[in-house]
Amino acid sequence: MAALEQVQEFLALLAQFKEMPLNRESLESLIYWRDVKKSGIVFGAGLITLLAISCCSVISVFAYLSLTILSGTIAFRIYKSVMQAIQKTSDGHPFKEYLDYDLTLSQDKVQHIAGVAVAHVNGFVAEMRRLFLVEDLVDSIKFGVILCVMTYIGAWFNGMTLVIMAFVSLFTLPKVYENNKQSIDTYLDLARSKVADVTEKIKAAIPLGTKKPIAAESDKDK
């Protein structure tokens, strides 16, 4: 009986997630653990799913997960039906309130999501073009260094391991930063100043890495 009550509580929490708006505030609430129960459910379910995918195929994980949920809901439905027959009550379908939820996406929300996605894709393509075609030599060199580091990371970890590490970091690093913001900012500012100094020295040593002033270009055109 306790397990069936946990199933009902889990469904109630899912209903609360349905009512949460898909915005920046709701995402921050999850990754900063404002509500421990909701964040714990999302983190636990996501981590278990990713670990399962790393061991089995996506189809198998989907099938087993769906069978587990279906078995729980069928058992709970049968249990409630038996209890209603014994107690001679007419409570109706135990999942009626969840069946009545409107799961359709509004056209405005779809257009908003599509617009945000297109903006990010366009920005990414423009940045890749700028880096690969060496609009700024220093930026392209820094991008090349990052790619070199990624080759070593790829040799140490596979793609699924990196996804799991990124997911765990999403739910841990923001909270760690929030609790130690002052000391972390001090070290970050120090690192930024060092990087800025090195970048300036490279730009001074490589004139091609600096862009011509707009005023100078306009005088040349005249």
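Conventions we followed
- Throughout, a residue's number is its position along its own chain's written sequence, starting from 1.
- Only residues with pLDDT of at least 70 get local features here, since the model is predicted, and only at 80 or more are side-chain atom pairs given and counted; chain-wide, interface and lining totals rely on the full set of residues.
- No hydrogens and no water enter the side-chain calculation; it runs on all heavy atoms of the structure.
- To qualify as a helix, a DSSP run of H or I must reach at least 4 residues; to qualify as a strand, a run of E must reach at least 2; elements of each kind are numbered from the N terminus.
- Classification of residues uses two cut-offs on accessible area relative to the type maximum, computed with a 1.4 Å probe and protein chains only: under 20% is buried, over 50% is exposed, and between them is partly exposed.
- The contact definition used throughout considers only heavy atoms, calling two residues in contact when any of these lie within 4.5 Å.
- Here the open area of atoms and residues is found with the Shrake-Rupley method and a 1.4 Å probe, where only the protein chains shown may cover a residue.
- Aromatic rings from Phe, Tyr and Trp, taking only the six-membered ring of Trp, are treated as a pair when their centres fall within 6.5 Å; an angle between ring planes under 30 degrees marks them as stacked, one over 60 as edge-to-face, and anything in between as tilted.
- Take a side-chain nitrogen of Lys or Arg and a carboxyl oxygen of Asp or Glu: if they are within 4 Å of each other, that pair is a salt bridge.
- UniProt positions are given in the numbering used here, feature names are shortened, and annotations may be inferred rather than shown by experiment.
- Between N-to-C directions, angles span 0 to 180 degrees; the directions come from axes that are lines fitted to C-alpha atoms, helices contributing only their stretch in contact.
- Note on angle classes: values under 35 degrees are labelled roughly parallel, values over 145 roughly antiparallel, values of 65 to 115 roughly perpendicular, and the remainder oblique.
- Think of it as three bins: nonpolar holds Ala, Val, Leu, Ile, Met, Phe, Trp, Tyr, Cys and Pro, charged holds Asp, Glu, Lys and Arg, and polar takes everything else, Gly as well.
- By convention a nonpolar core is built from buried Ala, Val, Leu, Ile, Met, Phe, Trp, Tyr and Cys residues, the set being connected through side-chain atoms within 4.5 Å.

A. Representation of the overall build of the protein chain within the structure. Counting secondary structure elements, the protein chain contains 10 helices and zero strands. The linear arrangement of helices and strands in the protein chain, starting from the amino end, is α-α-α-α-α-α-α-α-α-α. Expressed as a percentage of its 222 residues, the buried residues of the protein chain come to 16%. For the protein chain, contacts bridging at least 24 residues in sequence account for 58% of all contacts bridging at least 6. Of the roughly 16,900 Å² of accessible surface on the protein chain, 67% is carried by carbon and sulfur atoms.

B. Region of the structure containing the packing of aromatic side chains. In this structure the tally under the stated criterion is nine aromatic pairs. Taking the centre distance of 5.1 Å and the plane angle of 50° together, the rings of F167 and F171 count as tilted. Of this pair, F167 and F171 are both found in helix α8 (residues 159-179), four residues apart, which corresponds to roughly one turn of the helix. In this pair, the class of F167 matches that of F171, namely buried. Clustering of aromatic rings is evident, with ring pairs tying together W33, F43, F167 and F171.

C. Expanded view of the pattern of salt bridges. The tally for this structure, following the rule as stated, stands at eight salt bridges. One salt bridge in this structure joins R130 and E127, with 2.8 Å as the shortest N-O distance. Here E127 and R130 lie together in helix α6 (residues 107-132), a separation of three residues that amounts to about one turn. A salt bridge links K142 to D139, with the shortest nitrogen-to-oxygen separation between them at 3.7 Å. Placement of both K142 and D139 in helix α7 (residues 137-156) is noted, with a separation of three residues, approximately one turn of the helix.

D. Here's a closer look at the UniProt feature "transmembrane region" (unreviewed entry) in the protein chain. Here the UniProt-annotated "transmembrane region" (unreviewed entry) positions come out as residues 41-65 and 143-173. In the segment residues 41-65, helix accounts for 92% and strand for 0%; the C-alpha atoms at its two ends are 15 Å apart. For the annotated span residues 143-173, helix accounts for 94% and strand for 0% of the residues, and the straight-line distance between the end C-alpha atoms is 24 Å.

E. Structural view of the packing of α6 against α7. As a packed pair, α6 and α7 sit with axes 8 Å apart at the nearest point and diverge in direction by 100°. Overall, the two elements α6 and α7 adopt an arrangement that is roughly perpendicular. On the side of α6, the interface is formed by M128, R130, L131 and F132, while α7 contributes D139, S140 and F143. Across the contact of α6 with α7, the residue classes tally to four nonpolar, one polar and two charged.

F. Summary view of the nonpolar core. Of all hydrophobic cores here, the largest spans five residues; its members are F43, L50, I164, F167 and F171. At the level of secondary structure, the elements contributing two or more residues to this core comprise α3 (36-55) and α8. The greatest single-element share of this core, amounting to three residues, is contributed by α8.

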